[in-house]
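Below are the chains, spelled out letter by letter.
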Amino acid sequence: MNRKEMTKSLTQAAMFYFVKKKYSVYEEIGLKRRGKLRADLVAFNFKQEFITIEVKSCWQDYTSDTKWVDYIEFCDKMYFCISYHLWESKHGKTIKEDVKAHGVGIMVLM
């Protein structure tokens, strides 16, 4: 599966997960004017929780995103959605340490 297909697959799986939990889910939502910060997915629920989900298809995708820490101030919760393959790779430990330091969750999808 190439990077584009992996991104699409992870995005659809994350959307399905949150819709099943009764969230309203939207793709590519701007968090700041003029698109300076744009979340891959945002989810809202009836409790007015605002969740940001960043989809990362591979290690290069993860390391090239230097703005993700700025997303945290705009939401109640934030998650990275990554593949099981990436989680089990040599980079999985680094990702786990990064997100734990910032209080961000990880969704690992097959």
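Above this text sits the structure in question.
These remarks concern the structure in this document. (Residues numbered from 1 in each chain as written. Predicted model: local features only at pLDDT ≥ 70, side-chain atom pairs only at ≥ 80, totals over all residues. Heavy atoms only, no water.)

For the rest of this paragraph, the subject is the overall build of the protein. Tallying secondary structure elements over the protein gives five helices and five strands in all. Listing each helix as α and each strand as β along the protein from the N terminus yields α-β-β-β-α-α-β-α-α-β. Computed over the C-alpha atoms, the radius of gyration of the protein is 13 Å, within 12% of the 13 Å expected from 2.2 N^0.38 for a compact globule of 110 residues. Over its C-alpha atoms, taken along the principal directions, the protein stretches across nearly 35 × 25 × 25 Å. Looking at the protein alone, contacts between residues at least 24 apart form 57% of all its contacts between residues at least 6 apart. Of the roughly 7,300 Å² that the protein leaves accessible, carbon and sulfur atoms contribute 51%. Here the protein holds 19 positive side-chain charges and 14 negative ones, and the gap between their average locations is 2 Å. (Helix = DSSP H or I, 4+ residues; strand = E, 2+ residues; numbered from the N terminus. Rg over C-alpha atoms; globule rule 2.2 N^0.38 Å. Contact = heavy atoms within 4.5 Å. Areas by Shrake-Rupley, 256 points an atom, 1.4 Å probe, with all protein chains shown as cover. Lys, Arg positive; Asp, Glu negative; His and termini not counted. Charge placed at Lys NZ, Arg CZ, Asp CG, Glu CD.)

For the structure on display, the rule yields eight aromatic pairs. When the ring of Tyr26 is compared with that of Phe44, the centres are 6.1 Å apart and the planes differ by 65°; the resulting orientation is edge-to-face. Note that Tyr26 is positioned in strand β1 (residues 24-30) and Phe44 in strand β2 (residues 38-44), a separation of 18 residues in sequence. Judged by relative accessible area, which is 34%, Phe44 ranks as partly exposed. Seen from their ring centres, Phe44 and Phe50 are 4.9 Å apart, and the 50° between their planes marks the pair as tilted. Taken together, the aromatic side chains of Tyr17, Phe18, Tyr23 and Tyr79 make up a single cluster linked through ring pairs. (Phe/Tyr/Trp six-rings, centres within 6.5 Å; stacked < 30°, edge-to-face > 60°. Buried < 20%, exposed > 50% of the residue type's maximum accessible area, 1.4 Å probe, protein only.)

Here we take up helix α5 (residues 92-102). Within α5, the full set of buried residues consists of Gly92, Ile95 and Val99. End-on, the buried residues of α5 take up no more than an arc of 60°, which puts them together on one face. Opposite its buried face, α5 presents the exposed residues Lys93, Lys100 and Ala101, each directed more than 90 degrees away. In this fold, the buried residues of α5 make contact with α2 (59-64), α3 (68-71), β4 (77-83), α4 (84-88) and β5 (105-109). Just past α5, the residue Gly103 takes up positive phi, approximately 70°. (Arc of directions from axis to C-beta.)

The values are spatial; any link to function lies outside them.
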